[in-house]
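Here's the letter readout for the chains.
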Amino acid sequence: MTIDSGTSRVSQEPEAARERPGFDEISILWISEGMSCDGDTVSMTASDQPSIEDVVLGLIPGLPKVNLYNKVLSPSLGGEDYLVPFRAAARGDLGPFILVIEGSVPNQNIIEGDGYWTSFGNDQETGEPLTLNWWIDQLAPRAWAVVAVGTCATYGGIHAMAGNPTGSMGLADYLGWDFRSQGALPIVNVPGCPIQPENFMETLTWVLYHAAGSAPPPPLDHMLRPQWLFGRTVHEGCDRAAYYEQGDFSRDYNSPKCQVKIGCWGPVVNCNVPKRGWMAGIGGCPNVGGICIGCTMPGFPDAFMPFMDEPTGGSLSSVLIRPYGAFIRRMRGITSMAVNKEPRWRHNRDELTSGYDPHWRAGRESGVR
Ligand code: SF4
Ligand code: SF4
């Protein structure tokens, strides 16, 4: 179809768009029956850019029609009704789908005898519970894309900490870090405990645009995180970093200053929350007074505990920066006093003292050119 632009004939439907190889409709099968608290599902509902409602109602131009199956948000009555698309996918009878896993994956191999750590529905022949591991084995090889949501599903998280009895791990530890989905994508990891709402929805939207054939695969780093979200540290986006640079540190949790000496791990943690805020730019962690505990990181939580102790590297860097910070603070204080005054020519006296020179007026002696 073309329209007359008045100057030239302009195509409204570029050739490339007509020929895109993507899907018009796709399902999202979301399983949170890992070692999970469902916090990532709940967090996702706080996203506004885009919202999950926008996605499932088809309000975002260019996305495929999305059929979301998430137990927290399902309109079904649960039970077998809810399991229908999951069973169909396991049989190979469901069209393209994205598998989303929430929660860490327990190690079934360490169970002696019968039993299971976690399950999702029952085997219809034997009545025995179907484990999360069984579902992953059935669905991951058939999925067009596989997404791990939250730090538990991505890297193991709190449920995989030292001393846990379940041998829990992240999805890439279970499927292999070189896993490729039917859509030739690696696992897409969106860490966070919980996920920052828009971090997840942005990533999902990118995957959906890729499914529609109108975007390249999302760029991921070596830990399979979206690069544009996790490519910078907390510290690089924290609005308390000026205090750090000036060697001015909080001694308690009521101070607006840098919190590195009271437990903040921000300088070495990949996360954008302080820069982005939590909901609609509001909230966060160190930017609003909560130390960063590294909840997005593969080493979380063990590498960061005990949370409220000063990180070792933090004590070294904060000691080194103190003399520089004290000097810079003093110099800035002097400059600040200078620029905190109005110029002397701003007054209401009878004379003009601004230095104005009307040299272009004819007949004026000064400055006729
Ligand atoms: S509070 Fe944490 S993230 Fe913010 S400037 Fe200090 S060390 Fe960096
Ligand atoms: S700033 Fe730190 S504690 Fe907050 S979400 Fe990011 S990694 Fe987690």
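Residues numbered from 1 in each chain as written. Chains lettered and ligands numbered in written order. Predicted model: local features only at pLDDT ≥ 70, side-chain atom pairs only at ≥ 80, totals over all residues. Heavy atoms only, no water.

What exactly am I supposed to notice about the overall build of the chain here?
Looking only at helices and strands, the chain features 12 helices and nine strands. Taken over the C-alpha trace, the chain has a radius of gyration of 28 Å; the compact-globule value for 369 residues is 21 Å, which it surpasses by more than 25%. Overall, the C-alpha framework of the chain stretches about 105 × 70 × 35 Å when taken along its three principal axes. In the chain, 71% of the contacts between residues at least 6 apart in sequence involve partners at least 24 apart. Counting every atom, the chain has about 19,600 Å² of accessible surface; 55% of that belongs to carbon and sulfur. (Helix = DSSP H or I, 4+ residues; strand = E, 2+ residues; numbered from the N terminus. Rg over C-alpha atoms; globule rule 2.2 N^0.38 Å. Contact = heavy atoms within 4.5 Å. Areas by Shrake-Rupley, 256 points an atom, 1.4 Å probe, with all protein chains shown as cover.)

In this structure, what is going on with the site of ligand 2? I would like to understand it.
Taken together, Val 234, Val 269, Cys 271, Val 273, Pro 274, Cys 285, Cys 292, Ile 293, Gly 294, Cys 295 and Thr 296 make up the full set of residues adjacent to ligand 2. For the shell around ligand 2, the class distribution of residues is nine nonpolar, two polar and no charged. (Near = heavy atom within 4 Å. Nonpolar A, V, L, I, M, F, W, Y, C, P; charged D, E, K, R; others polar.)

Explanation requested: helix 12 (residues 312-339) in the structure shown.
Residues lying three or four places apart along an α-helix face the same way, a consequence of the helix completing one turn every 3.6 residues. Under the 1.5 Å per step criterion, the end-to-end length of helix 12 is 39 Å for 28 residues, consistent within 8% with the ideal 40 Å. At Arg 322, helix 12 shows its maximal kink, close to 45 degrees; a proline, Pro 323, follows between one and four residues later. Listed as buried for helix 12 are Gly 314, Ser 318, Ile 321, Gly 325 and Ile 328. At its buried positions, helix 12 is contacted by helix 10 (241-245). (Expected span 1.5 Å × (residues − 1). Bend = angle between axes of the 7 residues up to and from the residue. Buried < 20%, exposed > 50% of the residue type's maximum accessible area, 1.4 Å probe, protein only.)

Which parts of the structure should I look at to understand the site of ligand 1?
Close to ligand 1 lie Val 234, His 235, Cys 238, Arg 240, Ala 241, Cys 258, Gln 259, Val 260, Cys 264, Gly 266, Pro 267 and Pro 286, which account for all nearby residues. Taken together, the residues that form the shell around ligand 1 break down as eight nonpolar, three polar and one charged.

What is the right way to look at the packing of aromatic side chains in this model?
Counted by the stated rule, this structure contains 13 aromatic pairs. Measuring from ring centre to ring centre gives 6.3 Å for Phe 86 and Trp 135, while their planes differ by 80 degrees; the resulting arrangement is edge-to-face. Here the residue Phe 86 occupies a position in helix 4 (residues 79-91), and Trp 135 occupies one in helix 5 (residues 132-139), the gap between them amounting to 49 residues. An identical accessibility class is assigned to Phe 86 and Trp 135; each is buried. In textbook terms, an aromatic cluster arises when at least three aromatic residues are bridged by ring pairs, as seen for Tyr 82, Phe 86, Phe 120, Trp 134 and Trp 135. (Phe/Tyr/Trp six-rings, centres within 6.5 Å; stacked < 30°, edge-to-face > 60°.)

Explain the pairing of strand 6 (residues 119-122) here, please?
A regular strand carries its side chains on alternate faces of the sheet. Sheet topology note: the strand 6/strand 7 (residues 129-131) ladder contains two bridges and is antiparallel. Directly across from Asn 122, in strand 7, lies its bridge partner Pro 129. Counted along the chain from strand 6 to the antiparallel partner strand 7, the turn is six residues long, and its residue Gly 127 has a positive phi close to 80 degrees. (Pairing = 2+ DSSP bridges.)

Before we go on, may I ask you to explain the environment of Pro 323 in this structure?
Positionally, Pro 323 belongs in helix 12. Look at Pro 323 and you get exposed, because its relative accessible area is 57%. The sequence separation of Pro 323 and Gly 247 amounts to 76 residues, and the corresponding C-alpha distance is 7.7 Å.

Quick question: what am I supposed to make of unusual backbone geometry here?
Backbone geometry follows two general trends: most residues other than glycine have a negative phi, and most peptide bonds adopt the trans configuration. A cis amide bond links Gln 49 to the next residue, Pro 50, at an omega of 0 degrees. Tracing the backbone shows Pro 50 in the loop between helix 2 (39-44) and helix 3 (52-56). For Asp 38, which is not glycine, the phi dihedral falls at a positive 65 degrees. Look at Ala 184: it is not a glycine, yet its phi comes out positive at around 65 degrees. In this fold, Ala 184 is placed in the loop between helix 7 (171-175) and strand 9 (188-190). Note on Ala 184: relative accessible area 53%, which makes it exposed.

What should I look at first to understand the pattern of salt bridges in this one?
Pairs can form between side chains of opposite charge whenever their charged atoms are close. Per the stated rule, a full pass over the model turns up 11 salt bridges. We note a salt bridge from Asp 248 to Lys 257, for which the minimum N-O separation is 3.3 Å. The class for Asp 248 is buried, based on a relative accessible area of 15%. The network of salt bridges with common partners includes Glu 33, Asp 38 and Lys 71. (Salt bridge = Lys/Arg side-chain N within 4 Å of Asp/Glu carboxyl O.)

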